Amino acid sequence: MDFALTEDQAEIVKSAERFARERLAPDYMKREAEGSLDRALMREMGRLGLVAPDVPEALGGHGLDGLTAGLITEAIAHGDFNVSYVQLVNGLMGQLVARHAAPDIARHWLPRLVGGEVIIGIGLTEPRGGSDAANLTVRAEKSGNGWVLSGEKTSISFSDQMDAMILFARTGKPEAKARGVSAFFVPMDSKGIAKTRFRDLGTRPVGRGSVFFDGVKVPAENLMGEENKGFGQVMAGFDYSRALIGLQCLAAARASVDESWRYVKEREAFGSPLAQYQGVTFPLAEAETWIEAARLLCYKTLWLRDRKRPHTAEAAMCKWWAPKTAVDVIHQCLLTHGHFGYAMDLPHQQRLRDVIGLEIGDGTAQIMKLVIAREKIGAIAVQYA
Ligand SMILES: Cc1cc2nc3c(=O)[nH]c(=O)nc-3n(C[C@H](O)[C@H](O)[C@H](O)COP(=O)(O)OP(=O)(O)OC[C@H]3O[C@@H](n4cnc5c(N)ncnc54)[C@H](O)[C@@H]3O)c2cc1C
């Protein structure tokens, strides 16, 4: 077991940390008011090699491993949780496009994705529910030399900012459930697409909303992978994004804990710094422990993935435990700041609102626990399997 970073990892993490400290952290709260991501900032991250760095070199990427991508995501999220959605979403989509898109599509889009020039979103959830994801109704019908897409996706991150979407649509019979779902690459300037944006509790620079497909035509080569095999493809991808989400949320918690340690040394009560009261420092010491344990779990999950070893249960553990830990820790940090913590001027309230989104997005805690149970004892653990 070796916990040391390689020289290359240490170098790129240093660069990501510097970028997060100097370019992201100072405007984390200002960006919430702007309500969208600054494309120039994204391109800067692209130039520094901080977006989807694990896309293969032959397709315009840097060919790094998933663990390094996780370390970068963590560093960026420490400065601005919302900006790190670029690492999360483009990281996951980069892998799916590299593995399953037609070569022309991959060659056209991936260098721009890695360069921070475009956002590729994911369209899985539908109005009737996201947990039962295989039970989807958006349809793709064969027509001439292509496909026609119809229906509504909802709760989609970057709904009105993305440049393309990987859309999951039904190509088989409804009874076929997961085995009748295919994935399509859909440029968002295709005719027949309309978008909305929700009024959300947090993650406002990313935005979330519905995307409507009204007879949208895409060429045959925009089918990704094999017909009726799309669901399996995306689920394999989620094992990756679940570890990245864990690191994203823990980094936001880390930022609040760092600020809390500084605060308790300065603030005085009853004639002494707060730091001298163990009732104040013990919750922070506990937070340190939970963050460290949960991030090691995320690192291990990515390490297993890089070695092509099974990691579905570990990824689900990251996805339910790390966001919950982050929410609990940030809440504690807000309380540690007393009445100042409750004001909108400090970032803890924003971090709390932002991180709660990823307790739900990419699958809830209940669904993650079902995944873990299924991995341990098989289909008997999942009523609907
Ligand atoms: C911030 C954010 C970003 C998102 N981004 C995207 C995106 O980019 N693309 C996309 O496709 N989707 C996205 N989603 C949607 C997300 O994946 C779904 O919200 C999620 O899968 C849950 O689906 P649901 O909201 O329909 O809840 P439901 O499926 O309606 O579930 C409601 C509640 O019931 C529980 N529940 C459901 N079934 C079971 C069961 N069998 N056992 C126990 N409990 C159960 C759930 O855990 C949940 O608490 C995003 C959501 C959020 C909040």
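Computed from a prediction, not measured in an experiment: that's the story for all the values here.

Let us look at the site of the ligand. Near the ligand you find 20 residues, and of these T125, G130, S131, S157 and T364 are the closest. In this structure, S157 approaches the ligand through a side-chain N or O atom, which is 2.8 Å from a nitrogen atom. Residue Q366 places a side-chain N or O atom 3.0 Å away from an oxygen atom belonging to the ligand. Contact with the protein chains covers 65% of the free accessible surface of the ligand, which is 970 Å².

Compared with an ideal rise of 1.5 Å per residue, which puts 13 residues at 18 Å, helix α12 (residues 365–377) spans 18 Å between its outermost C-alpha atoms and is within 8% of the ideal. Along α12, the residues that are buried comprise I367, M368, V371 and I372. The buried residues of α12 occupy an angular sector of 145 degrees when the element is viewed end-on, so they sit on one face. Of the exposed residues in α12, the ones pointing more than 90 degrees away from its buried face are Q366, K376 and I377. The elements touched by buried residues of α12 are α7 (230–266) and α9 (312–336).

The element strand β4 (residues 164–170) is extensively covered by neighbouring structure, given that 7 of its 7 residues are classed as buried. Here β4 shows no split at all, with A164, I166, F168 and R170 on one side and M165, L167 and A169 on the other all buried. Summarising the sheet, β4 and strand β5 (residues 181–187) pair through 7 bridges and their orientation is antiparallel. Residue pairing in the sheet places R170 in a bridge with V181 of β5.

With that settled, the discussion passes to the packing of aromatic side chains. Two aromatic rings are characterised by how far apart their centres lie and by the angle between their planes. Within the structure shown, the criterion is met by 4 aromatic pairs. With centroids separated by 6.5 Å and ring planes inclined at 80 degrees, the aromatic side chains of Y85 and F158 adopt a geometry described as edge-to-face. A residue pair is termed long-range when its members are at least 10 positions apart, and Y85 in helix α5 (residues 85–100) and F158 in the loop between β3 (146–157) and β4 qualify at 73 residues. In this pair, the class of Y85 matches that of F158, namely buried. Put simply, the rings of F81, Y85 and F158 pair up and form one aromatic cluster. Here R305 stacks its cationic end above the ring of Y240, 3.8 Å away from the centre of that ring. The cationic tip of K369 hangs over the ring face of W320; the distance from NZ or CZ to the ring centre is 4.2 Å.

A separate point is the packing of helix α4 (residues 66–79) against α7. Here α4 crosses α7 at 35 degrees, and the two axes come no closer than 8 Å. Both α4 and α7 take part in a crossing whose hand is right-handed. Of α7, the residues touching α4 (which contributes G66, A69, G70, T73, E74, A77 and H78) are Y240, L244, L247, Q248, A251, A252, R254, A255 and D258. Tallied by class, residues from the contact of α4 with α7 come to 8 nonpolar, 5 polar and 3 charged.

Time to look at the pattern of salt bridges. Any two side chains of opposite charge can pair, so long as their charged atoms come close to each other. Counted by the stated rule, this structure contains 21 salt bridges. R204 is the salt-bridge partner of E32, the closest N and O atoms lying 3.9 Å from each other. Of this pair, E32 sits in helix α2 (residues 28–34) while R204 sits in the loop between β6 (193–195) and β7 (208–219); the two residues are 172 residues apart in sequence, bridging distant segments of the chain. E32 gets classed as buried once you look at its relative accessible area, which sits at 13%.

On to the environment of A294, then. In this structure, A294 sits in helix α8 (residues 278–306). On the basis of relative accessible area, A294 is assigned to the buried category, the value being 1%. Residues A294 and W321, 27 residues apart in the sequence, show an inter-C-alpha distance of 7.3 Å. Apart from the residues within four sequence positions on either side, A294 is in contact with L250 and W321.

Parameters at a glance
- Within every chain, residues take consecutive numbers counted from 1 along the sequence as written.
- The predicted nature of this model means local features are confined to residues of pLDDT at least 70 and side-chain atom pairs, given and counted, to a pLDDT of 80 or more, with totals for whole chains, interfaces and linings taken over all residues.
- In computing side-chain properties, one takes all heavy atoms of the structure into account and sets aside hydrogens as well as water.
- Each residue is tested against the molecule or strand, and it is near if at least one of its non-hydrogen atoms lies within 4 Å.
- Counted as a polar contact is a pair of N or O atoms within 3.5 Å, where, for protein atoms, one must be capable of donating a hydrogen and the other of accepting one, and residues adjacent in sequence contribute only when both atoms are in side chains.
- Areas reported here follow the Shrake-Rupley algorithm with a probe of radius 1.4 Å; residue values treat only the protein chains shown as occluding.
- Working definition: helices are DSSP H or I runs of at least four residues, strands are E runs of at least two. Numbering for both runs from the N terminus.
- To estimate how far a helix should reach, multiply one less than its number of residues by 1.5 Å.
- Summary of the burial criterion: residues with accessible area below 20% of their type's maximum are buried, those above 50% are exposed, and those between are partly exposed, where the area comes from a 1.4 Å probe applied to protein chains only.
- Throughout, the arc means the angular range of directions from the helix axis out to the C-beta atoms.
- Any two residues whose heavy atoms approach within 4.5 Å at even a single point are treated as in contact.
- Any two strands between which DSSP finds at least two bridges are classified as paired.
- Side-chain rings of Phe, Tyr and Trp (the six-membered ring for Trp) are treated as a pair once their centres are within 6.5 Å; stacked means planes under 30 degrees apart, edge-to-face means over 60, and tilted covers the remaining angles.
- Counted as over-ring charges are cases with an Arg CZ or a Lys NZ within 6 Å of the ring centre that also lie within 35 degrees of the ring normal.
- Structural elements are reduced to axes, namely lines fitted to C-alpha atoms, with helices fitted over the stretch in contact, and the angle between N-to-C directions of any two is expressed from 0 to 180 degrees.
- Handedness of a crossing follows from how the near helix is turned relative to the far one, being left-handed for an anticlockwise turn of less than a right angle and right-handed for a clockwise one.
- Charged means Asp, Glu, Lys or Arg here, nonpolar means Ala, Val, Leu, Ile, Met, Phe, Trp, Tyr, Cys or Pro, and polar covers whatever is left, Gly included.
- The salt bridge criterion pairs a side-chain nitrogen of Lys or Arg with a carboxyl oxygen of Asp or Glu, the two atoms within 4 Å.

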